[in-house]
Amino acid sequence: MSQKNNLGNRILELRKSKSWSQSDLADKVGISYAQIGRYETKGAQPPAEVIKKIAEALDTSVDYLIYGSTADKASEALHDVEVIRYFKEIEALPHADKDALLRVIAAFIRDAKTKQTYTH
């Protein structure tokens, strides 16, 4: 799914979670309800200032509207389901445990890259 459609889906989802019509959101943002419809269903890309106003009206961040949640970003960037699952589990660990694990991972990756460099 394209980023524009994801943006439209997030606008739609947040608007509905507030039980707002397209007209309600449009009034808060200062644009027409038809334009909100284009953003939600036609993949139209709002200008930066309009995205900012939509985010404020929906009590969210511009970053979330454009990119989604951290999990959405990870799922789009990573394709290995097992790696995604482990990252989600790491994210839920206590801060000290997460930091220790990230240091181990960083050291392992550094060593693997060093090994690759000298074996090629």
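As shown above, the structure is provided for reference.
Since we're looking at a predicted model, the values are computed, not measured. Every residue gets a number counted from 1 within its own chain, in the order that chain's sequence is written. Two thresholds apply to this predicted model, a pLDDT of at least 70 for residue-level local features and 80 or more for giving and counting side-chain atom pairs, whereas whole-chain, interface and lining totals are computed over all residues. To get the side-chain values, take all heavy atoms of the structure and skip hydrogens and water.

How should the overall build of the chain be read in this particular structure?
When helices and strands are tallied, the chain shows 8 helices and 0 strands. Taken from the N to the C terminus, the helices and strands of the chain come in the order α-α-α-α-α-α-α-α. Note on classification: 1.4 Å probe, protein chains only; a residue is buried when its accessible area is under 20% of the maximum for its type, exposed when over 50%, partly exposed between these limits. For the chain, with 120 residues in total, the buried portion stands at 23%. Considering only contacts within the chain whose residues lie at least 6 apart along the sequence, 46% involve residues at least 24 apart. Each accessible area is a Shrake-Rupley result for a 1.4 Å probe, and residues are judged covered by the shown protein chains and nothing else. Put simply, the chain shows about 8300 Å² of open surface, and 56% of that area lies on carbon and sulfur atoms. Each helix corresponds to a stretch of at least 4 residues labelled H or I by DSSP, and each strand to a stretch of at least 2 residues labelled E; elements are numbered beginning at the N terminus. Contact criterion: two residues are considered in contact whenever any of their non-hydrogen atoms come within 4.5 Å of each other.

What is the right way to read the nonpolar core from this model?
Side chains of nonpolar character tend, in soluble globular proteins, to be buried together. To define a nonpolar core, start from buried Ala, Val, Leu, Ile, Met, Phe, Trp, Tyr and Cys residues and group those joined through side-chain atoms within 4.5 Å. Formed by 17 residues in total, the largest nonpolar core has its most connected members in Ile-11, Leu-25, Ile-54, Leu-58 and Leu-65. Listed by contribution, the elements that provide at least two residues to this core are α1 (3-17), α2 (22-29), α3 (33-41), α4 (48-57) and α5 (62-67). When residues of this core are assigned to their parent elements, the largest contribution, 5 residues, is made by α4. For Ile-11, the contacting residues outside a window of four places in its chain are Leu-25, Tyr-39, Glu-40, Ile-54, Leu-58 and Leu-65.

Before we go on, may I ask you to explain the pattern of salt bridges in this structure?
Any two side chains of opposite charge can pair, on the condition that their charged atoms come close. Basic side-chain nitrogens of Lys or Arg form a salt bridge, by our definition, when they fall within 4 Å of a carboxyl oxygen of Asp or Glu. Under the definition given, this model contains 5 salt bridges. Arg-85 is the salt-bridge partner of Glu-82, the closest N and O atoms lying 3.9 Å from each other. Taken together, the residues span about one helical turn, with Glu-82 and Arg-85 both in helix α7 (residues 81-91) at a distance of 3 residues. On the basis of relative accessibility, which here comes to 44%, the residue Glu-82 falls in the partly exposed class. Between Arg-85 and Glu-89 there is a salt bridge; the shortest N-O distance is 3.0 Å. You can see Arg-85 and its partner Glu-89 sitting in helix α7, 4 residues apart, about one turn around the helix. When its relative accessible area of 38% is taken as the criterion, Arg-85 is described as partly exposed. In the salt-bridge network here, residues are joined through shared partners; they are Glu-82, Arg-85 and Glu-89.

Explain the packing of aromatic side chains here, please?
Between two aromatic rings, the relevant description is the distance of the centres plus the angle of the planes. A pair of Phe, Tyr and Trp rings is counted when the ring centres sit within 6.5 Å of each other, with Trp represented by its six-membered ring. The angle between the planes then sorts it: under 30 degrees is stacked, over 60 is edge-to-face, the rest tilted. Taken as a whole, this structure holds 0 aromatic pairs when the rule is applied. For a Lys NZ or an Arg CZ to count as sitting over a ring, it must be within 6 Å of the ring centre and within 35 degrees of the ring normal. Cation over ring: Arg-10 sits above Tyr-64, and NZ or CZ is 5.9 Å from the ring centre. Directly above the aromatic system of Tyr-86 lies the positively charged group of Arg-85, at a separation of 4.4 Å from the ring centroid.

What am I meant to see in α2 here?
For the α-helix, the turn length of 3.6 residues means that residues three or four positions removed from each other point alike. If you check which residues of α2 are buried, you get Leu-25, Ala-26 and Val-29. Buried residues of α2 fall within an arc of 100 degrees about the axis and therefore sit on the same side. Facing away from the buried side of α2, by more than 90 degrees, are the exposed residues Asp-27 and Lys-28. The N-capping residue of α2, defined by a side-chain oxygen 3.3 Å from the backbone nitrogen of Ser-23, is Ser-21. Backbone geometry just downstream of α2 places Gly-30 in the positive-phi region, at approximately 90 degrees. Directions drawn from the helix axis to the C-beta atoms are what define this arc. Two N or O atoms count as a polar contact when they lie within 3.5 Å, although within protein this holds only if one can serve as hydrogen donor and the other as acceptor, and sequence-adjacent residues are included solely when both atoms are side-chain atoms.

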